[in-house]
Structures are given as C-alpha cells and as structure tokens.
Number of protein chains: 2
Amino acid sequence: MYIPSLADMLVAHERIKPHIHRTPVLTSQYLNDLTGAELFFKCENLQKAGAFKARGASNAVFGLTAEQAAKGVATHSSGNHGTCLSYAAGRRGIPCTVVMPRTAPQAKKDAVRGYGGRVVECEPSTTSREAVFAEVVAETGAEFVHPYNDPRVIAGQGTCSKELVEQVSGLDAVIAPIGGGGMISGTCLTLSNLMPQIKIYAAEPEQADDAYRSFRAGHIIADDAPVTVADGLKVPLKDLTWHFVQNHVTDILTASEQEIIDAMLLIWKRMKIVMEPSSAVPLATIIKNKDVFAGKRVGVIITGGNVDLDMLPWQQK
Amino acid sequence: MYIPSLADMLVAHERIKPHIHRTPVLTSQYLNDLTGAELFFKCENLQKAGAFKARGASNAVFGLTAEQAAKGVATHSSGNHGTCLSYAAGRRGIPCTVVMPRTAPQAKKDAVRGYGGRVVECEPSTTSREAVFAEVVAETGAEFVHPYNDPRVIAGQGTCSKELVEQVSGLDAVIAPIGGGGMISGTCLTLSNLMPQIKIYAAEPEQADDAYRSFRAGHIIADDAPVTVADGLKVPLKDLTWHFVQNHVTDILTASEQEIIDAMLLIWKRMKIVMEPSSAVPLATIIKNKDVFAGKRVGVIITGGNVDLDMLPWQQK
C-alpha cells in the first residue's frame, strides 16, 4: 500500500491547476449567528463537473505516461467520480469507460457521456459489476482509477484543503462529509503536514454510519447498501482511506435524514448555492454539536452540486 | 435632478465595503462553448441579503447624517429592495419601514422582518401604496430611499461593475437585466467613466419590454402591471435611470418567458447557483443573439438569488 505524501499533493496541485477551478470560499452571517462559529464554506459544488472529484480524477489522468494514457482510463461509479473521470479524460483526449448499474439515473449516464466517456452497464450487484469491469479492463488495457482508494486520487483531493488554508487564515477545524473517505483522506494528508494544529472532523449520515462505527471499533466496518438521501456517502472505507481516518481524524459526527435535508435547505436559502444532500451533512452535524464548534473558525467543504433539480428532497412528500 | 458622479460611486464603495460581500466571478466552459463567447458571471445572488440591492441600500443608509438616521428609512417595495434596505438599516441599527401590498408573498414580508424592518401593508394599487407611504413618512419623518430612482442607490449599484472590472480584465461588454434601471444605471455610471470602451447591454423580458420600447421611442414608456416570471423586472424607468439608459446603453435585448426559464435552469444545472428568474434574462438574450457576443469577453451580472425553493419555474406545469 503506497501512502501518498505531501510532495504528491503539491505535484498534484501544479499538475491539475489548468484543469480545475480554484473554488471560492463563501460565508454567511446568518449561519455564523445560528451556530456560534465562524464558518468558511469551500465550494467544490462550483468545481469543474460539479464536484471535488475533478481534482483526484484530473491528477490520475494527467499523471499517466503517454503509453498508459493511450489505453485510456476506467472506473466503476454511479456518482460524481465517473463524471469527473470522464471530464478529466476528455480534457486529455483519451478514452474513458465507466461501469454503471443499468438502474443508475439517466442523468448520471448522460453526464459521463456529456464529457465524452463511454458507459458500460452492469447488473446492480457487486458480482456483476466486478465481472463487467474485469472484461472492460481486459479488452481495453485501461488504467483503473478507483473512486477513492487510490493514492493519486487522494493526493488530488488534498489540493482542496491546500487552497482553503491559502484562502482563510487561522482555521481551528475543517469538516467534510465522509463516504469512502477520499476527501477526508486528502484533507488529512494536507493538513497533518501543513497545519497540524487544525482539527479534522468527518460528517456522516446516521443511516450510513459505517465510518463512524469503524472509527469507534478501530477497524473497517462495511455496510451493505445503506439507504440515505446523501447518496454520495454510501460506500465503505478501504485500507488507504482508513489509514488516514484512523491516524488524523479528531472525530466523526452523524446527522439524521431530516437534519441533513433541513441543513441542505438552509444552505440553498441563505447561501444561494445548489449543492447535493451529501454536502449538507457537515452543517447538519455542526448545528447538532454547537458546543464542539462554538467560537471556532471552521472550514466546511461543500463537496458537490450534482442534484436532480426536478425533485428536491424537501419537495418529496 | 442630481446625477451621481464617479466620485459618488467611489465614495459609495469605501462606505459600503464593511457591509457587502465582494462577490465572486464564476465561469462555465459549457456556457462558453454554447454561446461562443467568454462569459464572466458576477454573482450578486451571493451578495448580502441575496441581491445587488444591498449595495445601493447600504450606501443610502450609511450616508445619512446622525440626525436623519435617527428617524429611520422607508420605502415601498415588494421585492429585494425592501429586504436589502431592512438589512442595511439593521446594520446601522436604525428603523426601517417597508410598505408592501398585503398580497405580497409571505416570504418577502418575513425577509424584511428577519432583518428587523417593519412591514406596513397597503392595498395592491398605486393609489393605496402612495397614500399609505405618505402616512408612514408623515408619522416617522423617515428618509425615503427609492428602489432605483435615487442617486445614492445608483452610486451604490455602480460598485458592482467596479469590482467586476477589477476582477476580470479586457471585457468587451457587460450585460445586466433591466427593470427600473438601477443596476444598469450604476453600470453606466461606472463603466462610462472608467472603461468607456466596454459596451453596456440591458436584458429584458419580452412580456415586460417597456425599457426596450422606451429605448427605441426615445422617451419613457411605462406599462401597467406586466406579467412575467422575471418578477424583479416589472417596474418602469424613471427620469434618473432613463438618463443613463439613453446616454450609455448600446442596446436592449429581450427574451421570451420560456427562454428565460430555460436559461435559468441551465445556470442552476451547470453553474450550481441559486438565482432568480430575473437574473437569467441576460443569458437568455446572449443565447438568442450569439452573433452580438461571439468571440467577446462578456461580464454578466447575476442580480439576485431570492426565489421560492418550493416551486421553481420549470416545475410549474
């Protein structure tokens, strides 16, 4: 297991700069008053392809040798990683294949294709996904870029908190959602090296709290198909992300489905940004744990903005 | 009629800086590809109180003498100006009264009250509004801050394009929606003095095209109660805003209701920001008039983000 270093993250940032936005940091007096903390929202929903995953995907794609690149990249993902890998591959002009369950939302398939990627459908089961994915790789020789358990991806995600500490001084804490742990691991990589005094918190839905339970148990616990509105956070930790979580995270906090939806609506209303339910979990946990954050300067990573605008969670009765 | 000067705008910017956000400028490769232009979106939907009107209102409020301020401010508005005047008055700790039709949306009344302002209801007619407003002023001695036909307000709105040209170099054109003409007048004030080579376009709904017809006729034409999804753009030009429009606007372009809604959805989807229908009119007209903007660097002012999240225009069947 290769653990990415600070140097990997710094190289990643130089490499991906032409391909990503340096996303803005927004603040809201209303949310500061509500929480008693000073919140600095790093808006990766405004990132290329609508998610922080453009960072890790771009680092993986643009780090390939010409020979590797010619064969393209492949992944399995029904979420932002598939879209962002297709985005990065499109920028480099190389093939990209994303294996997706045939039951995945049409919008997700369209997003991959919109950037020039190819969607290969599998049945909605791990067995089918692995079999279909193996076929794709055998056929194309494409480089596998895992959605999060990949040092190139983690180094790329780490560039987000590098920008954040350049944009905001004197942070006491940074909080980000946790699913597979790619963003949290990148955050740990960067901050534990550059600003070790900043505490790192992870935020997770109660209904998909495998990282929370792993953290307390001291080993990885994986759930089978959890159900949560925060659909980006259903996947389990893997060895590489577990390494960072175990060694550098101060705590993992959880929030209920209703708390997540309330926090999401609050951000839309007060901050005027379109973001996914997953991105609302940190604010939900801050509101729930005011004592932890009161009086602190807190970076909050808004991870993505890809959401179905025809049916928003607060409109579902 | 006092016409605000460049000096008034510069003073306004220094005066209001502590009370406003320097809003970010966002770009979208997708929208650039779609239009053939390079678009730079100045995001006043991310402004304090959710609209550029926080600029003009703050300039008016913080420019009052202590004696004037003690009596407070008043206006009539069922839109962002009322909310923003209440915001600015709240910051200064002075009274604010907003006269609103009793039929105005509850959310708009709540927004005024949320910043500490008082709502006084009138009947939904000009006669009632004027009578009730006269009573309010007689009773309180409050300073009237007109939503747009006020040199203090126009000087404040002019700070938006000052920031824009500081943030983006080499602009060929700037486009903003036009209703009463406050934002456009501020833009004219700033750019005609600082960057006279930049062309200024105004964008208006076809269904509320009084400014368009005024521009062509050479005198102010006012419509009675036009109906458009772009509810911020229903009011007519007045003498002061007409002065700027007549002298400094290159052209006024219009878009249909469907074109406005399509452009709004496009911005939400691709740029991940919450903005009002009024703010989508400029992009709608750019898409419709590609030949005018192709190959140009164009500043696009996103004027506000206060919209009913329970019922979005593309969800109304």
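Residues numbered from 1 in each chain as written. Chains lettered and ligands numbered in written order. Predicted model: local features only at pLDDT ≥ 70, side-chain atom pairs only at ≥ 80, totals over all residues. Heavy atoms only, no water.

## Regarding the pattern of salt bridges
Pairing of side chains with opposite charge becomes possible as their charged atoms draw close. As a reminder of what qualifies: By definition, a salt bridge exists where a carboxyl oxygen of Asp or Glu is found within 4 Å of a side-chain nitrogen of Lys or Arg. Going along the chain from the N terminus, every DSSP run of H or I of four or more residues is numbered as a helix, and every run of E of two or more is numbered as a strand. In this scheme, a residue with accessible area under 20% of its type's maximum is buried, one over 50% is exposed, and one in between is partly exposed, where area comes from a 1.4 Å probe on protein chains only.
With the rule as written, the count across this model stands at 34 salt bridges over all chains. Put simply, A:Asp223 and A:Arg213 hold a salt bridge, and the shortest N to O gap is 2.5 Å. Placement of A:Asp223 in the loop between helix H10 (210-217) and helix H11 (239-248) and of A:Arg213 in helix H10 is noted, with a sequence separation of 10 residues between them. Exposure remark for A:Asp223: the relative accessible area of 25% places this residue in the partly exposed category. For the salt bridge of B:Arg22 with B:Glu166, the shortest nitrogen-to-oxygen distance reads 2.9 Å. With B:Arg22 in the loop between helix H1 (6-16) and strand S1 (25-26) and B:Glu166 in helix H8 (residues 151-167), this pair connects stretches of sequence that are 144 residues apart. By sharing partners, the salt bridges in this structure join A:Lys42, A:Glu44, A:Arg55 and A:Glu163 into a single network.

## A look at the pairing of strand S7 (residues 173-177) of chain B
Side-chain direction in a regular strand flips from residue to residue, so the side chains alternate between the two faces of the sheet. Residue and element names in this part refer to chain B. Using the following cut-off: Here is how to tell: hold the view so the strands point away, follow the path from the first strand over the helix to the second, and if it runs clockwise the crossover is right-handed. Each pair of strands is called paired provided DSSP finds at least two bridges between the two strands.
Most of S7 sits out of view: five of its five residues are buried. Every second residue of S7 is oriented toward a common face, with Ala173, Ile175 and Pro177 on one face and Val174 and Ala176 on the other, all of them buried. The handedness of the S7 to strand S8 (residues 199-205) crossover, carried by helix H9 (residues 182-194), is right-handed. Here three bridges tie S7 to strand S10 (residues 297-302), and the two strands are oriented parallel to one another. Following the sheet pairing, Val174 is matched in S10 by Gly299.

## Quick notes on the nonpolar core
Worth spelling out the cut-off: Residues grouped as a nonpolar core are buried Ala, Val, Leu, Ile, Met, Phe, Trp, Tyr and Cys residues, joined through side-chain atoms within 4.5 Å. The contact criterion used throughout is that any non-hydrogen atoms of two residues lie within 4.5 Å.
Counting 78 residues, the largest nonpolar core has A:Phe41, A:Trp268, B:Phe41 and B:Trp268 as the members making the most contacts within it. If near-sequence neighbours (up to four positions away) are discounted, B:Phe41 is found in contact with B:Pro24, B:Val25, B:Leu26, B:Leu31, B:Ile267, B:Met271, B:Leu283, B:Val300 and B:Ile302. Residues B:Ile184, B:Cys188, B:Leu189 and B:Trp242 belong to the second largest nonpolar core, which totals 31 residues.

## A few points about the interface of chain A and chain B
Going by this rule: For any pair of parts, buried area is found by adding up, for both, the accessible area (1.4 Å probe) each one loses once the two are put together. Here a polar contact is taken to be a pair of N or O atoms separated by no more than 3.5 Å, where protein atoms must pair a possible hydrogen donor with a possible acceptor and residues adjacent in sequence count only if both atoms sit in side chains. Lys, Arg, Asp and Glu make up the charged group, whereas Ala, Val, Leu, Ile, Met, Phe, Trp, Tyr, Cys and Pro make up the nonpolar group; the residues left over, Gly among them, are polar.
Each side of the interface is counted separately: chain A has 26 residues, and chain B has 26 residues. With both chains or domains summed, chain A and chain B bury close to 1800 Å², and 57% of this area falls on carbon and sulfur atoms. Of all residues in chain A, A:Lys272, A:Val274 and A:Leu309 bury the most surface against chain B, accounting for 33% of the area lost on that side. Counting the contacts that link chain A with chain B gives zero salt bridges. For the pair chain A and chain B, the number of links is 15 residue pairs in polar contact (both at pLDDT 80 or more). Here the side of chain A that touches chain B takes five residues from helix H12 (residues 257-271) of chain A, the largest share from any one element. Looking at the side of chain A that touches chain B residue by residue, the class counts come to 13 nonpolar, eight polar and five charged.

## Description of the side chain of A:His13
All names here are of chain A. Tracing the backbone shows His13 in helix H1 (residues 6-16). Note on His13: relative accessible area 0%, which makes it buried. Look past the residues within four positions of His13 in its chain and what remains in contact with it is Ile20, Arg22, Arg55, Thr159, Lys162 and Glu163.

## So, the environment of A:Ala49
All names here are of chain A. Inspection of the secondary structure puts Ala49 in the loop between strand S2 (38-43) and helix H3 (53-62). Under the relative-accessibility criterion, Ala49 is labelled buried at 13%. Residues Ala49 and Gly218 lie 169 residues apart in sequence; the distance between their C-alpha atoms is 35 Å.

## Considering the UniProt feature "domain: Tryptophan synthase beta chain-like PALP" (unreviewed entry) in chain A
As a reminder of what qualifies: UniProt positions are given in the numbering used here, feature names are shortened, and annotations may be inferred rather than shown by experiment.
The UniProt record annotates "domain: Tryptophan synthase beta chain-like PALP" (unreviewed entry) at residues 16-304 of chain A. Annotated as residues 16-304 of chain A, this span is 48% helix and 17% strand, and its ends, taken at the C-alpha atoms, are 18 Å apart.

## A few points about the relation of the copies chain A and chain B
Note the threshold: In superposing the copies, a least-squares fit is computed on C-alpha atoms, taking residues whose pLDDT is at least 70 in both.
The transform that puts chain A on chain B rotates by 180° and translates by 0.0 Å along the axis, for an RMSD of 0.0 Å. Expressed as a symmetry operation, the mapping of one chain copy onto the other fits a two-fold axis. No C-alpha of chain A approaches the rotation axis more nearly than that of A:Ile273, which lies at 2.1 Å. Most of the interface of chain A is mirrored in chain B, where 100% of its interface residues again form contacts.

## Considerations on the packing of helix H12 (residues 257-271) of chain B against helix H13 (residues 277-288) of chain B
All names here are of chain B. What counts is decided by this rule: All axes are obtained by fitting lines to C-alpha atoms, using only the stretch in contact for helices, and the reported angles, taken between N-to-C directions, cover 0 to 180 degrees. Throughout, the term roughly parallel applies to angles under 35 degrees, roughly antiparallel to angles over 145, roughly perpendicular to angles from 65 to 115, and oblique to all others.
Between H12 and H13, the least distance of the axes is 7 Å, while the angle of their chain directions is 100°. When the axis of H12 is compared with that of H13, the two are roughly perpendicular. Contacts between H12 and H13 involve Glu259, Ile260, Ala263, Met264, Leu266 and Ile267 from the first element and Pro277, Ala280, Val281, Leu283, Ala284, Ile287 and Lys288 from the second. Each residue belonging to the contact of H12 with H13 can be placed in one class, and the counts come to 11 nonpolar, no polar and two charged.

## Describing unusual backbone geometry
Residue and element names in this part refer to chain B. For Ala49, which is not a glycine, the phi torsion comes out positive at approximately 60°. Non-glycine residue Lys272 carries a positive phi angle of around 60°. Exposure remark for Lys272: the relative accessible area of 8% places this residue in the buried category.

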